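# Descriptive analysis of the structure
Listed below are the residues making up each chain.
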Amino acid sequence: MTAPADDLADWLRLACIPGVGTQGQRALLAAFGLPGHIFAAGRGALAAVVGGQAADAVLAVPAHEDIERTLAWASEAGNRVLTLADADYPRQLFDIADPPVLLYVKGEPALLSRPGIALVGARSATAAGEANAEAFARTLAQQGLVVVSGLALGIDAAAHRGALAAGSTGAGTVAVIGTGIDRIYPARNAALAREIAAAGAVVSEFPLGTPPLQHNFPRRNRLIAGLAEGVLVVEAALGSGSLITARLATETGREVFAIPGSIHSPLSRGCHRLIRDGAKLVETAEDVVEELRGRLGWPAPVAASVKDRRSRGAVPAVPAAPPRQAALALDGERTRVLEAIGHDPVELDTIAARCGLTVDALYAILLPLELEGRLAKLPGGRFQRIT
């Protein structure tokens, strides 16, 4: 249920009181009830809860133009401001240390309360990392988990794209941003943000017009962790903000998952650190779903008979080609090249030396493999196997 405009104006006034903060706002709500009761209280009663200076700020005349601008924004189709008292406010945020009093939502607010999985990782991700994030997100969305991420470049954007690619068969995606809901950062993701708002939800706790301030993004991360049942880290360097999200998830009793990578890649070290500290190593999206199944109360999958699966188109009526025939496409030099690459990023000259091929001959083999999704070309002219 949406708060009436008069009540919402009081909530907005409470949220913009300088020097009070979310903890002070919640203390006032606990003491007096709804915001209208707070503003009707005397200075002495207010000072007993938040101190004299904050009490004076509560009783000061607010900036009406900011409140009116937000009310006008909230009146537009697809826009909502959720308050702590709103039935659509996601209850799982009460598990975090500092739940926001207000959430600004563009899109479908109900997604915030559905079972979700956060996918986070490096902004300067590798091509293989982005491919993994997109593939995991698509499968997890199809399995019924809302994909939550932060709309950053790299892994975040790939995760949102993967969830959107699931289409009507997916659970959707939520982008938690560190700016005002009317400002998208980075600007390169503006079109992606519009897609998410149309098919999922974009959410912020910051007032309209808030610019991309560095200290707001760690606060954004606690919401990403709080809205999800678990956090999956795809690629992360040591000291990455993704590790902050993982730590916050652990502190609030969420599961933490990590995808391992090459021992030579700086973007694998954060994931490896998490795994050493107890995060669950995952290789497939099914690993995540199986781990969360009990937490969500989902029943264990029942193996369908081949006949039932065939009737749904899951199994072809004609037996599939035997494995040896399927592998013929990789016989010869293509197989030799993939084996020479191994599973770590490797430079072109190194591959050529290992295979005994000229660079021109090697390119003729690498290009089809790249187009088939068997390997990825990385920055610096390096290549890495995906399959």
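Structural data are supplied above this passage.
Residues numbered from 1 in each chain as written. Predicted model: local features only at pLDDT ≥ 70, side-chain atom pairs only at ≥ 80, totals over all residues. Heavy atoms only, no water.

### Things to note about the sheet that holds strand β8 (residues 255-258)
Taken together, nine strands build an open sheet; the order of strands is β1-β2-β6-β5-β4-β3-β7-β8-β9 and the sheet is mixed. In this open sheet, the two strands that pair with only one neighbour each are β1 (79-83) and β9 (280-281). The sheet contact formed by strand β3 (residues 116-120) and strand β4 (residues 146-149) spans three bridges and is parallel. Bridge pairing links Ala-118 to Val-148 in β4. Taken strand by strand, helix α9 (residues 190-199) contacts β2 (102-107), β5 (173-176) and β6 (201-204), and its axis lies near 105° from that of β6. (Pairing = 2+ DSSP bridges. Helix = DSSP H or I, 4+ residues; strand = E, 2+ residues; numbered from the N terminus. Contact = heavy atoms within 4.5 Å. Axes fitted to C-alpha atoms, helices over the stretch in contact; angles between N-to-C directions.)

### Focus on the pattern of salt bridges
Scanning all chains against the criterion turns up 17 salt bridges. Connected through salt bridges with shared partners, the residues Arg-26, Asp-98, Glu-205, Arg-219 and Arg-222 form a single ionic network. (Salt bridge = Lys/Arg side-chain N within 4 Å of Asp/Glu carboxyl O.)

### Thoughts on the sheet that holds strand β10 (residues 346-347)
The strands that make up a sheet are held in pairs by hydrogen bonds between backbone atoms, and each pair lies either parallel or antiparallel. Ordered by their spatial adjacency, three strands build an open sheet running β10-β12-β11, and the pairing between neighbours is antiparallel. The outermost strands of the open sheet, each flanked by one partner alone, are β10 and β11 (375-378). Strand direction decides the pairing type here: β11 and strand β12 (residues 382-385), joined by four bridges, are antiparallel. Within β12, the residue paired with Leu-378 across the bridge is Arg-382. Together, β11 and β12 form the strand contacts of helix α7 (residues 127-142), whose direction differs from that of β11 by roughly 130°.

### Some details on the side chain of Arg-220
Looking at where Arg-220 falls in the secondary structure, it is placed in helix α10 (residues 216-227). Only 2.9 Å separates the side chain of Arg-220 from the backbone oxygen of Gly-150, close enough to count as a polar contact. Once you skip the residues sitting within four places of it in the chain, Arg-220 turns out to touch Arg-123, Gly-150, Val-176, Ile-177 and Gly-178. (Polar contact = N/O pair within 3.5 Å; in protein donor to acceptor, adjacent residues only side chain to side chain.)

### So, the nonpolar core
Leu-103, Leu-112 and Val-174 are the most contacted members of the largest nonpolar core, which has 70 residues in total. The greatest single-element share of this core, amounting to five residues, is contributed by helix α1 (residues 5-15). With sequence-adjacent residues up to four places away left out, Leu-112 is seen in contact with Leu-82, Pro-90, Gln-92, Leu-103, Val-105, Val-174, Ala-201, Val-203 and Leu-227. If you look at the next biggest cluster of nonpolar residues, it comprises 25 residues, including Leu-119, Ala-125, Ala-133 and Val-234. (Core = buried A, V, L, I, M, F, W, Y, C linked by side-chain atoms within 4.5 Å. Buried < 20%, exposed > 50% of the residue type's maximum accessible area, 1.4 Å probe, protein only.)

### Regarding the environment of Arg-295
Secondary-structure assignment places Arg-295 in helix α13 (residues 285-296). Along the sequence, Arg-295 and Arg-254 sit 41 residues apart, while their C-alpha atoms lie 9.7 Å from each other.

### Concerning the packing of α10 against helix α11 (residues 241-251)
Put simply, α10 and α11 touch, their axes get as near as 8 Å, and they point 50° apart. Judged by the angle between their axes, α10 and α11 are oblique. Every pair of crossing elements has a handedness; the one defined by α10 and α11 is right-handed. Within the contact between the two elements, α10 uses Pro-218, Asn-221, Arg-222, Ile-224 and Ala-225 and α11 uses Gly-241, Ile-244, Thr-245, Leu-248 and Ala-249. When its residues are assigned to classes, the contact of α10 with α11 shows six nonpolar, three polar and one charged. (Parallel < 35°, antiparallel > 145°, perpendicular 65-115°, else oblique. Left-handed = near helix turned anticlockwise from the far one by under 90°. Nonpolar A, V, L, I, M, F, W, Y, C, P; charged D, E, K, R; others polar.)

### Quick word on the packing of aromatic side chains
The tally for this structure, following the rule as stated, stands at three aromatic pairs. Taken together, a centroid distance of 6.4 Å and an interplanar angle of 65° make the contact between Trp-73 and Tyr-104 edge-to-face. With a gap of 31 residues between them, Trp-73 in helix α6 (residues 64-74) and Tyr-104 in strand β2 connect regions that are remote in the sequence. Exposure remark for Trp-73: the relative accessible area of 8% places this residue in the buried category. For Tyr-104, a relative accessible area of 4% corresponds to the buried category. The cationic tip of Arg-13 hangs over the ring face of Phe-39; the distance from NZ or CZ to the ring centre is 3.9 Å. (Phe/Tyr/Trp six-rings, centres within 6.5 Å; stacked < 30°, edge-to-face > 60°. Lys NZ or Arg CZ within 6 Å of the ring centre and 35° of its normal.)

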